[in-house]
Amino acid sequence: MFILAELNFNINLAAPMPLNDRHIMRGKMKFALNIPTRLMFGAGELKKLSTMALPGKKALIVISAGGSMKRLGYLDLLQRQLARAGVESVVFDKVQANPVLSHVTQGTQLCREEKCDFLIGLGGGSSIDTAKAIGVTAACGGDFWDYMSAGTGGRKPITGMLPVVAIPTTAGTGTEVDPWGVITREDTHEKMGFGSPYAFPTLAVVDPELMASVPARLTAYQGFDAFFHAAEGYISKAHTPISDLYALEAIRLLYKYLPVAVADGNNSWARIKVAWASTLAGMVESTSCCTGHHALSTALGALYPDMPHGASLIALSPVYFATFKNDMMKRYMKMAEKMTQQKAARPGDFLDALAIMQRECGVDDLRLSEWGVSAADADRLADNAIATCQSLLDMDPRFLTREEIIAIYQQAIK
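Just so you know, these numbers come straight off a predicted model, no measurement behind them. (Residues numbered from 1 in each chain as written. Predicted model: local features only at pLDDT ≥ 70, side-chain atom pairs only at ≥ 80, totals over all residues. Heavy atoms only, no water.)

## Looking at the packing of aromatic side chains
All chains considered together, the criterion is met by twelve aromatic pairs. Their ring planes at 25° and their centres at 5.7 Å tell us that Phe 228 and Phe 321 sit as a pair that is stacked. Of this pair, Phe 228 sits in helix α5 (residues 216–235) while Phe 321 sits in helix α9 (residues 309–323), and the two are 93 residues apart along the sequence. Each member of the pair, Phe 228 as well as Phe 321, carries the same accessibility label: buried. (Phe/Tyr/Trp six-rings, centres within 6.5 Å; stacked < 30°, edge-to-face > 60°. Helix = DSSP H or I, 4+ residues; strand = E, 2+ residues; numbered from the N terminus. Buried < 20%, exposed > 50% of the residue type's maximum accessible area, 1.4 Å probe, protein only.)

## Here's the deal with unusual backbone geometry
Not every positive phi belongs to a glycine, and Arg 155 is a case in point at roughly 60°. Relative to the helices and strands, Arg 155 is located in the loop between α4 (125–140) and β7 (164–168). Despite not being glycine, His 189 has its phi angle at roughly 55°, a positive value. Note on placement: His 189 falls in the loop between β8 (180–185) and β9 (190–195). The exposure class assigned to His 189 is partly exposed, which follows from its relative accessible area of 42%.

## Quick word on the side chain of Asp 396
Relative to the helices and strands, Asp 396 resides in the loop between α12 (378–393) and α13 (402–413). Although Asp 396 lies buried, it forms no salt bridge, and the closest oppositely charged side chain, Lys 237, sits 8.0 Å away as judged by the N-O distance. Of note is the side chain of Asp 396, whose polar atom sits 2.9 Å from the backbone nitrogen of Gly 292. At 2.4 Å, the side chain of Asp 396 forms a polar contact with the side chain of Tyr 320. (Lys, Arg positive; Asp, Glu negative; His and termini not counted. Salt bridge = Lys/Arg side-chain N within 4 Å of Asp/Glu carboxyl O. Polar contact = N/O pair within 3.5 Å; in protein donor to acceptor, adjacent residues only side chain to side chain.)

## Quick look at the pairing of β7
Buried residues dominate β7, accounting for five of its five residues. Burial along β7 is two-sided: the residues Val 164, Ala 166 and Pro 168 and Val 165 and Ile 167 are all buried. One ladder, built from five bridges, connects strand β6 (residues 118–123) with β7; its direction is parallel. The residue bridging Leu 122 from the neighbouring strand is Ile 167, located in β7. Crossover handedness for the path β6 to α4 to β7: right-handed. Looking at chain direction, β7 and strand β10 (residues 203–206) are connected through two bridges and run parallel. The residue of β10 that forms the bridge with Ala 166 is Ala 204. (Pairing = 2+ DSSP bridges. Right-handed = clockwise from strand over helix to strand, strands pointing away.)

## Focus: the nonpolar core
The biggest cluster of nonpolar side chains holds 90 residues, and the ones touching the most others in it are Phe 224, Phe 227, Phe 321 and Tyr 409. Broken down by element, the residue count for this core peaks at 13 residues, all from helix α6 (residues 241–263). Counting residues in each nonpolar core, the second largest holds 28 residues, with Leu 101, Cys 116, Leu 119 and Met 161 among its members. (Core = buried A, V, L, I, M, F, W, Y, C linked by side-chain atoms within 4.5 Å.)

Below, the structure written as structure tokens:
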């Protein structure tokens, strides 16, 4: 127990954090910090995996169907490291950019047939989230959708998960250090998040060398996903003193280094800084929570699965953040100051800095209509977001009506 002034900070690294207890009571300050993931960060860290303590003897390696992990040699490097450690491995290579329930089911079956005792998610957030979902179903039984807590989910409690090792090759999701994942059910067009204290990876290996090959456009999309994890967590009703520290540093780093990484993917220092900012933003998700911005983006991903998650966030962001500029004035100004390193005069300075950052990354002209979204879709998008992601909408600085949500979509579509 650490006591600073008159505030009690109970920082517990062992006990699970109640994921539904996310509000700070006015006049009191109470929160828990529980990020039990062992983090290994740095260029070349994957080459040291054989020397690290691994949580089992046979791994199911979960990768995307695109073939990049094989083509770039990352899968071979991982398997050689596992072999040196005396660990067998099996590969599941079906994952899509937006991970889906049917692949979780297939991966769970393979995991059981091969008697794997832990999983490795190698790739973007989709591979790691799929590994988490497979780990939950393999440990708890049944169908994964039984454990979803919204929409058509079965609302069963998650009571365990096979250990997961997370090895991200992109800088964006932060899922390597948080207890969350996102899966889409194809037949009902529901893209929903799941979370549990059990869903923290056991080990995260964040090696920025694995991110050098990401194209500029995807670097921008992924980097802004991390940026919005931090910015949303900072204005969220669930923010805490710990999450504020993580969020502001992630915001500062991404504003400074993401444009550099987009302009020159071989700039190793920029890649390192962006990777660290992404992991910090994942820690924000572990100590605060995303807001309705991600809820609106998730609905877009459910109905338009070809739309990159980061792209939808960018397209929504000017309208979404403008909606709350008078509700969180001091926090908007603080974010602006971290970004520009100058004194802010008004909350709109954050919106101006965000516009500059998007312009420098070449994504300032994104419109949802590029992926076929039309104004006629706004109603069903709003209904989807409310049905599947109300818990994120509840974290907004103030309540958004259905009409306000529709208006945000309509303005972003133009």
